[in-house]
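# Chains, contacts and geometry: an overview
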Amino acid sequence: MGFLLRRLAFYLAAFLAAATINFFLPRLMPGDPIQIMFASAGSELSLENLNALKLTFGFIDAPLHEQYLSYLKSVFTGDLGRSIKYFPLPVTELLGRALVWTLGLVGIATLIAFSLGTFLGVMAAWRRGTLFDSVVSLLAIFSSSVPAVVVSLIVLFVFGYTLGWFPNGYAADPMLDPGLTWEYARSVLYHGTLPMFTLITVLTGGFAVTMRNNMINLLGEDYIVMGRAKGLSEGRVMLWYAARNALLPTVSSLAIAIGTILSGSLIIEVVFNYPGLGNTLYQAILARDYPVIQGQLLIMTAAMLVSNFVVDLSYVLLDPRLKKA
Amino acid sequence: MKLLRQLLHNKKAVIGLAILTIIVLVAVFAPLLTEYSPVRRVGRPHQPPSWDHWLGTTRLGHDVFSRLVHGARVSLAVGFGAGLLITVIGTILGIVAGYKGGVVDEVINFFTNMVLVIPNLPLLLVLAAFIGQASPLVIAIILGFTSWAWGVRVTRSETLSIRQRDYVKSAEMLGEPGWRIMAFEIFPNLVSIVGINFIGSVIFAVIAEATLEFLGLGDPNTVSWGIMLYNAQNASALSVGAWWDLLAPCFALALLGLGLALINFAIDEIANPRLRTGGMLARWVGMVRLGEGKL
Amino acid sequence: MTDPVLSIRNLNIDYIGAETDFHAVRNVSFEIAQGELFGLAGESGCGKSTIAFAVSRLHRPPALIRKGSQILVGGRDVLALDEDELRRFRWSEVAMVFQSAMNSLNPVLTIETQFYDVLRTHRGMSRAAARERAAELLELVDISPDRLFSYPHQCSGGMRQRIVIAICLALDPRLLIMDEPTTALDVVVQREILQRIDVLRRRLGFSVLFITHDLSLMVQVSDRIGIMLEGELVEVDDARTIYRSPRHDYTRRLWASMPKLHGARIGQEQRP
Amino acid sequence: QSVLTVSSEQTTTYVRNFNPFGQTSARATTLDFIYEPLVVFNRLKSNEANFRLAESYELADDLKSITFVLREGLMWSDGEPLTADDVVFTYDYIEQFPALDFISVSEQIASVEKVDDRTVRFNLEEANSLIANTIVGMPIVPEHVWADIADPVTFANENPVGSGPMTEITRFTPQVYEQCRNPHYWDADNLAVDCMRMPQLADNPQVLAALADGTLDWATSFIPDIDNTFVAKDPEHHKYWFTPSSLVSFQLSQVTPDENNRKAFTDVNFRRALSMLIDRQTIVDIAGYGYPLVNEDPSMLGELYKSFSNPEVEAQFGQYGKFDLEAGIAALDAAGYVDADGDGFRDNPDGTPIAIDIMVPNGWTDWIDAVQISMETMTEAGLNVKMSTPEAAVWTSGLIAGDYSMTLNALASAANPYFPYIRSFNPGDFGKSRFTAPHWENAEVMELLGQYTQIKDPAEQKAVMDKLQLIVAEAMPVIPIYNSPSFYEYNTSRFTGWADADDPKYSPVVSNANPARLLQLLDLEPVE
Amino acid sequence: MTQGNASAPILALDKVSKIFGSADNPVYAARDVSFALHSGRTLALVGESGSGKTTAARLIMREYVPDRGRLLFRGAPLGNADRTALKSYRSSVQMVFQDPFSSLNPAHTIHYHLDRPLRLHQRALSGARRRAAIDELLARVKLDPALVAPKFPHELSGGQRQRISIARALAVNPEVIVADEPTSMLDVSVRLGILNLLNDMKAQLGLALLYITHDIATARYVAEDIMVMYAGQIVEWGEMESVLGNPQHPYTRLLLSAVPDPDRRFSDTRFDDELSRVELIRRQSALPQSDIRQVAQNHFIRPMLQ
Ligand SMILES: Nc1ncnc2c1ncn2[C@@H]1O[C@H](COP(=O)(O)OP(=O)(O)OP(=O)(O)O)[C@@H](O)[C@H]1O
Ligand SMILES: Nc1ncnc2c1ncn2[C@@H]1O[C@H](COP(=O)(O)OP(=O)(O)OP(=O)(O)O)[C@@H](O)[C@H]1O
Ligand SMILES: [Mg+2]
Ligand SMILES: [Mg+2]
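Residues numbered from 1 in each chain as written. Chains lettered and ligands numbered in written order. Predicted model: local features only at pLDDT ≥ 70, side-chain atom pairs only at ≥ 80, totals over all residues. Heavy atoms only, no water.

Chain C is annotated in an unreviewed UniProt entry as ABC transporter ATP-binding protein from Devosia honganensis. Reading the Subcellular location (unreviewed entry) entry of the UniProt record for chain C gives the comment "Cell inner membrane". As stated in UniProt under Sequence similarities (unreviewed entry), the record for chain C gives "Belongs to the ABC transporter superfamily." (UniProt positions renumbered as here; feature names shortened; annotations may be inferred.)

Under an unreviewed UniProt entry, chain B has the name ABC transporter permease and belongs to Devosia honganensis. Recorded under Subcellular location (unreviewed entry), the UniProt text for chain B is reproduced unchanged: "Cell membrane". UniProt, in its Sequence similarities (unreviewed entry) section for chain B, records the words "Belongs to the binding-protein-dependent transport system permease family."

Given below as structure tokens:
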């Protein structure tokens, strides 16, 4: 428990720090959001009107620390302001909409990629030196070294444009009514296939390599040899003696990988025009939608922290040695 | 040097080094490889690959091949520049934290962990947007200053274990100054970790640069693979069927990534002999087949 | 004389390298009789563990047991077993204690599960039955059955070693191989464990292949001893005989270089 | 029920906001469709007035006031009568909340008074013959709804009470919304469309996909290679018509901070030579996919304002608007811009160096392409040019302040050339608007523009306009490149009555910058 | 001091305690430990693993600061000594580690390993003289300088490596060498060579040697005096033959009975008394005991509490 409490305290500190960075970063960006709005809209605005608008958007000339304090207050009360681009939509609602898609995409893809990669890694390590191992290792190296943007573009080109099997973007058929209907669910699946596939492709290799190397490092351990000496079935030794232990470092590396996963999903969302957090952030940056950018980074950091915490938790569950500590 | 010699004995490393060398040579001799300027219109828009234009032309009528070979320079420069920066920062902080311990370690470790939990690419996006029209140099610098955390983590944990070795203790007992212990006793034993960190950072930097530029946060004046992707995407290359415009930089990036990853994998194998499979397994299989023996 | 429990003839084991092979075991032959404690001694790297592994056929590539080698356990040719037979053979005929107790129990499974693994696989026991049997076995090595639900890290090194021995005895094997079972333990614990093995051996009648580089200990516990040098078995004989009148030059050198606790100190003049 | 599927804005999510004063935040179908204008001026027919809520208007003889008369029996969509009070209320309202005045009309109006229930008089600050064009841009809102709104700027007006044909929001989700027939619409007889459906489409490729599979009836979107990607899918029904619209031009800051550059930029010979170095046709073909219309008119009006054009301009200065590399180089040589210091770049006649930095907003790729193409010929002519792509906001403030060197700039089209001229050259707007980016001042131009709004006689007006054109063409303060098209794609399989090149009755573009889209909606008939 | 010896000790621990762990669960790695090292003599420290032997070595090497008690160097306490005193301490006290594989830096040659201490502690030496000094050191530990100096540690055998460690310790010209289980990781056949080497050094250079081990047989081979440690306390100490021949403390007897002895079969029951009381002896010996009883002229014990 002490371990988890310590982690929790760290997460709180990290969140506060991230919130601080969040506050300063957008404020350091050049340009004036109101001006951008009207520059892109191509219409004119008199100075008085501009100031009036600024006031209503809260870009006041108050001293920085006052702005900071009120910002912190609003962060902890869950009020992230209103989007400028999608005025007057509250940022939380906008991000909430996006979060659903990202969670679905990233969650499922990570689950599949982690299971698949881990499984492949285990098999490759168990059959070290065989053709299977060579093929898996090579594919894994390849998939983990090719940029997500490249994979997504190629996937889009092949399956979206050339073969035309899947749509080129968006999360569901825009003509359909969202809801718990069969038709809608099918559309969501159909639209999610390519981004999901891409994300899985990008992630699986890394998991496979990590798992393979961890396994190989463990295979010489006495308890694994003992498992074999005990005459247990191959599968039992492989899974419960080797893989189970090799999973521990893999799980802790998962915590770091979450950043990579989020980054990967960001670019994939942009390429496939998937309406998740990454795409929202991208749009917000283009539009200099300060409240959205801030909320966005904060939510992404929070997502990282939460998933790290989940990883910590599962680590404790997986490793009996930590339970008492 | 020893590392290099070992690398040359590893098949993966040789393939990886070969890929990298080819790309480096192409980058260095870019002007000799093509008669076309990468920034001038030399053909009609979106011509498919032909004898005149090996990889076709872009929407603006630039020669894709010429842009590709010239772009290699930027991608390599940013990759290796940022990779170096990331590695230097990561290694120094990692060794200092791991060796000094105490408050220094606590502080460095806290910041490292914090940087690790702040999502990197979104942060980069915001930073690049903040700086505006990020030139390759600027991209390399922001990458360097935001991406060192992973390096610190692995270097630190390795340093922690090396610090426990008796040779470090005996150096301390001889009265060696701290900096000497870090630089001459610990660092030489981190070579493979640092090497992996460096190559990994280079891969990361190449990818991150391409991504940032693809998202339109780069400087469109530059000729780089990321900008090529950006231009192709903006020209709707895929909708209008100009696949060469988009796929050329894609494959270049994939190839560079693969080459570097192979080298990294090989260093991993060298540092950790257990990971090696090498020729013995092939020989072993052959001998079992011949009935020379069994397990 | 009854049939030997273990009979090794012309054992040759190579580690296949990328270019040349390493001959770890060369032409080794010896036998272990029913109820006998046979010691295998020799310096680090001389091939002791390689032999031990070969008996249960636990090797992984690139190890290779060359053709012509023969390993008989209770008269059965181990090298002729197929995968399935091999699995059934392991542990029920030959059990093994490994070099370090610390690492030979799976850290993420409870002690109980590690017993159950064996009993279910070989005897098809239910969990409850397995638990009962495990408790019995633990009592044999003087450990309270509460320990069944602990994880290995919650037990001390000596305890873990005894637990491993209990697991070894689960199927009443004919032969127990102990590969440097006590190197990581201090002398008092070592003494306790070996004494217990000695007692159990007499009680249950299994044979032991005991591997160590500690010659004094070896002479103390073994009935017969084999001395190995660089993959070859250079001398096999009764423990007393080997200690009192070694024949091979190497054996003699080994004794000479051993400081003793009692009697005359080895003088400087005896330096090699 | 006839449902018209429309894409008039691209977004990743819909927000229920029908506040007509929210230029960028409201749904694009708010103006015109929910809040009908008093009058719709038809740009394509010399600004002909189509009376909507107003049945007539009259400008006072001194041009210092204008009186609108509303139709009889107008009703809001909730059944309340629409009267002059609502008009007066609206103008009081935007006076009270300046942020609402998105077209800056208040400052031109001294007061608004109700003459009777159907008649309103606007008293102007200054005589202005063109004020009607401005006034109709402001939507009229119902007093009985808006009077109680505490903060109209952030008011989302989720259930609008309007005066136009499509006021009832029958369905609203982030992915799609539907807007249906106003039960109390005064012109219901003319309206054959029952509902409009707006699916949420995020970008051009998505609009293209929806167009290509025939889902959309009416859209405004850039589409690459449209004949192949859209028309070819169903040549009988898939149609488009791109009409020239805003002017894209190169501009040089007359007040640029670099003293040496300023010497060249303020020299008309330099500007003319530069203009001759720009290969407009190539820019249109490559950067614009052939869609824009080349503008070679040194007076910057071009095809769009053909009816106003003065033939003298072409005769006297026409050559300066056309691409001619040799002539441009010769002109530079002749004016003394030669490479004095031997660095390979041309310098000022006094030997000081010129270094041009063309600024374009980041991400505006067609402009970036255009600049890159222009740079090729400029470089060939020996000029030292490079491009920078700052954020749009930086670009905007640079243009407003005039502290840039050279840029591309766009100017929206209008009903009358008066507007492009006054927007570009009014010194009163220097430092306020990006449209005055060149910071070029000419007293005579301002004098003539002032006269122009105060003349009622068309012939006199024409004389003034002719003169203006000559002055501008001679000085070439802006270097026109092309008029970018308004994108308009439509599908005839479900509705007919579309305006097209053969029947250019009005601009049918469905973006919210074009009030004439209302006319198009009313002309549509479902196919049986 | 408890050792009856004529010469003044070079180094001494005076009632030193070192406590690890938390306040509510303290682990006494050293409890009131006192002993002294004299030049030309070897003191052996034996005890089971975890009894605090390494802790004692680290206290001497000043890697740990004592929680209580003093470290005396040439009779003077070395509490907050200044830098120069520390430096002279460093060059007087050196250590040989247990693991010959990890005590040499794999990244450096043998030459480097011997060159550094010379540079640090004998600054006056010129390059050529240093080279000569290195050769001399290697010759002293019976290695061929020309052959060994340019090699890397991994190219040497364990015994050779341990010799290098000793040579490195000698390079600073120390008066005291602390050897923490220096042979436990070596093969039997090379073990004796190292022990002989240590004996030679002691005799020829007049070094004071602290020999830490759990192998009482080797302790008997190199040391004149012995201390038996249990749970941070020294439970019995004195002259080697006296302690081994007439062990008084139950723990010492237990330890001796457990040491493998080829002359006695397992059936031999001379010490079975102790073995049957293992748990009791352990528990009782771990309790703090300040009484000291003299057994013989140079042989003391802390009697076990009953
Ligand atoms: N996987 C392997 N590949 C190559 N050589 C190996 C392998 N495993 C062991 N060897 C070599 O085989 C020889 C015998 O090894 P083995 O483990 O049997 O020695 P041992 O006598 O048990 O030594 P120790 O006392 O250190 O356990 C050693 O020299 C070792 O280097
Ligand atoms: N840094 C430390 N932190 C906490 N406890 C420690 C530390 N160092 C040693 N201890 C504890 O102090 C006790 C003595 O340890 P020490 O290493 O001195 O034993 P040792 O006799 O040298 O054992 P071994 O023979 O295994 O080397 C042990 O119980 C150990 O767990
Ligand atoms: Mg072994
Ligand atoms: Mg120790």
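Moving on, we come to the overall build of chain B. Within chain B, the secondary structure is distributed over 14 helices and one strand. In terms of overall dimensions, chain B has C-alpha extents of about 75 × 65 × 30 Å along its principal axes. Each of the 295 residues in chain B was classed as buried or not, and the buried ones make up 60%. Pairs at least 24 residues apart make up 72% of the contacts formed inside chain B by residues separated by at least 6 positions. Carbon and sulfur atoms make up 68% of the accessible area of chain B, which amounts to about 11300 Å² in all. Of the side-chain charges in chain B, 22 are positive and 17 negative, and the distance between the mean point of each set is 6 Å. (Helix = DSSP H or I, 4+ residues; strand = E, 2+ residues; numbered from the N terminus. Buried < 20%, exposed > 50% of the residue type's maximum accessible area, 1.4 Å probe, protein only. Contact = heavy atoms within 4.5 Å. Areas by Shrake-Rupley, 256 points an atom, 1.4 Å probe, with all protein chains shown as cover. Lys, Arg positive; Asp, Glu negative; His and termini not counted. Charge placed at Lys NZ, Arg CZ, Asp CG, Glu CD.)

Counting its regular elements, chain C contains 10 helices and 11 strands. Since a compact globule built from 272 residues should have a radius of gyration of about 19 Å, the 19 Å found for chain C is in line with a globular shape. Judged by the C-alpha coordinates and their principal axes, chain C covers about 60 × 45 × 45 Å. A burial count over chain C gives 60% of its 272 residues as buried. Element-wise, carbon and sulfur atoms account for 46% of the exposed surface of chain C, whose accessible area totals about 10500 Å². Looking at chain C, you have 34 positive and 35 negative side-chain charges, and the mean spots of the two groups are 2 Å apart. (Rg over C-alpha atoms; globule rule 2.2 N^0.38 Å.)

Time to look at the pairing of strand 10 (residues 233-239) of chain E. Residues and elements named next belong to chain E. Most of strand 10 is tucked away: six of the seven residues are buried. Taking the residues between adjacent antiparallel strands as the criterion, strand 9 (residues 225-230) and strand 10 are bridged by two residues, where Ala-231 takes a positive phi near 50 degrees. Bridge count between strand 10 and strand 12 (residues 299-301): three bridges; the pairing is antiparallel. Its bridge partner being in strand 12, Glu-236 is matched across the sheet by Ile-301. (Pairing = 2+ DSSP bridges.)

This paragraph deals with the pattern of salt bridges. Pairs can form between side chains of opposite charge once their charged atoms are near each other. Residue and element names in this part refer to chain E. Counting across every chain of the model gives 64 salt bridges over all chains. Its salt-bridge partner being Arg-41, residue Asp-225 comes within 2.9 Å of it at the nearest N-O pair. Here Asp-225 is found in strand 9, whereas its partner Arg-41 is found in the loop between strand 2 (26-37) and strand 3 (42-47), with 184 residues between them in sequence. Taking the relative accessible area as the measure of exposure, Arg-41 reaches 23% and is therefore partly exposed. (Salt bridge = Lys/Arg side-chain N within 4 Å of Asp/Glu carboxyl O.)

With that out of the way, let us pick up the state of the cysteines. Following the criterion strictly, the structure yields one disulfide over all chains and no others. Residue pairing for D:Cys180: its cysteine sulfur links by disulfide to D:Cys195, the two sulfurs lying 1.8 Å apart. Looking down the S-S bond of the D:Cys180 and D:Cys195 bridge, the torsion is 105 degrees, so its handedness is right-handed. Of this pair, D:Cys180 sits in strand 9 (residues 176-181) while D:Cys195 sits in strand 10 (residues 195-199); the two residues are 15 residues apart in sequence, bridging distant segments of the chain. For the pair shown, D:Cys180 and D:Cys195 are each scored as buried. Not engaged in a disulfide, the cysteine C:Cys155 finds its nearest cysteine sulfur in C:Cys168; these two sulfurs lie 16 Å apart. C:Cys155 gets classed as buried once you look at its relative accessible area, which sits at 4%. (Disulfide = S-S within 2.5 Å.)

Take the nonpolar core next. Among the nonpolar cores identified, the biggest contains 168 residues, and A:Met215, B:Leu215 and B:Trp225 are the most heavily contacted of them. Among all residues touching B:Trp225, those that are not within four sequence positions of it are B:Ile23, B:Leu68, B:Gly71, B:Ala72, B:Ser75, B:Pro249, B:Ala252, B:Leu253 and B:Leu256. C:Val5, C:Ala135, C:Ile143 and C:Tyr243 belong to the second largest nonpolar core, which has 94 residues in total. (Core = buried A, V, L, I, M, F, W, Y, C linked by side-chain atoms within 4.5 Å.)

We now examine the packing of aromatic side chains. By the definition in use, this model includes 58 aromatic pairs over all chains. With a centroid separation of 5.8 Å and an interplanar angle of 75 degrees, the aromatic rings of D:Phe18 and D:Tyr177 are classed as edge-to-face. With D:Phe18 in the loop between strand 1 (3-7) and strand 2 (39-42) and D:Tyr177 in strand 9, this residue pair connects regions lying 159 residues apart in the sequence. For the residue pair D:Phe18 and D:Tyr177, the accessibility class agrees, reading buried in each case. Members of the aromatic cluster, connected to one another through ring pairs, are D:Phe21, D:Phe89, D:Tyr93, D:Phe97, D:Trp146 and D:Phe155. Over the face of the ring belonging to A:Phe132 we find A:Arg127, whose NZ or CZ atom lies 5.6 Å from the ring centre. (Phe/Tyr/Trp six-rings, centres within 6.5 Å; stacked < 30°, edge-to-face > 60°. Lys NZ or Arg CZ within 6 Å of the ring centre and 35° of its normal.)

All names here are of chain B. Within the UniProt annotation, "transmembrane region" (unreviewed entry) is assigned to residues 12-33, 74-98, 110-131, 137-155, 186-208 and 246-267. As annotated, residues 12-33 has a helix share of 95% and a strand share of 0%, and its two end C-alpha atoms lie 28 Å apart. Secondary structure across residues 246-267 comprises 100% helix and 0% strand; the distance between its end C-alpha atoms is 32 Å.

Each side of the interface is counted separately: chain B has 15 residues, and chain E has 23 residues. Across the chain B/chain E interface, buried area totals approximately 1700 Å², and carbon plus sulfur atoms make up 54% of it. Sorting the residues of chain B by area buried against chain E places B:Asp166, B:Met173 and B:Leu174 first, and these three jointly supply 42% of that buried surface. For the interface between chain B and chain E, the tally reads one salt bridge. With its nearest N and O atoms 2.7 Å apart, the salt bridge here joins B:Glu176 to E:Arg116. Applying the counting criterion to the chain B and chain E interface returns 12 residue pairs in polar contact (both at pLDDT 80 or more). (Buried area = accessible area lost by both parts, 1.4 Å probe. Polar contact = N/O pair within 3.5 Å; in protein donor to acceptor, adjacent residues only side chain to side chain.)

Let's shift gears to the arrangement of the chains. The pair of protein chains exhibiting the most contacts, out of seven pairs of chains in contact, is chains A and B. A gap remains between chain C and chain D, with no contact made and the closest C-alpha atoms lying 48 Å from each other. Between chain A and chain E there is no contact, and the shortest C-alpha to C-alpha distance separating them is 14 Å.

With that settled, the discussion passes to the site of ligand 2. Residues and elements named next belong to chain E. In the vicinity of ligand 2, 13 residues are found, and the nearest of them are Gly-50, Gly-52, Lys-53, Thr-54 and Thr-55. Here Lys-53 contributes a side-chain N or O atom positioned 2.8 Å from an oxygen atom of ligand 2. Here ligand 2, which alone exposes 630 Å², has 61% of that area covered by the protein. Ranked by the residues each element gives to the shell around ligand 2, the list is headed by helix 1 (residues 53-60), at three residues. Of the residues in the shell around ligand 2, the class split is four nonpolar, six polar and three charged. (Near = heavy atom within 4 Å. Nonpolar A, V, L, I, M, F, W, Y, C, P; charged D, E, K, R; others polar.)

Residues and elements named next belong to chain E. Direction vectors running N to C along helix 6 (residues 158-171) and helix 7 (residues 188-205) enclose 15 degrees, while the axes themselves pass 10 Å from each other. Classified by the interaxial angle, the pair formed by helix 6 and helix 7 is roughly parallel. Note that helix 6 runs across helix 7; the crossing there is right-handed. Packed against helix 6, whose contacting residues are Gly-159, Gln-162, Arg-163, Ile-166 and Leu-170, the element helix 7 presents Val-190, Gly-193, Ile-194, Leu-197, Leu-198, Met-201 and Leu-205 at the interface. Grouping the amino acids of the contact of helix 6 with helix 7 by side-chain chemistry returns eight nonpolar, three polar and one charged. (Axes fitted to C-alpha atoms, helices over the stretch in contact; angles between N-to-C directions. Parallel < 35°, antiparallel > 145°, perpendicular 65-115°, else oblique. Left-handed = near helix turned anticlockwise from the far one by under 90°.)

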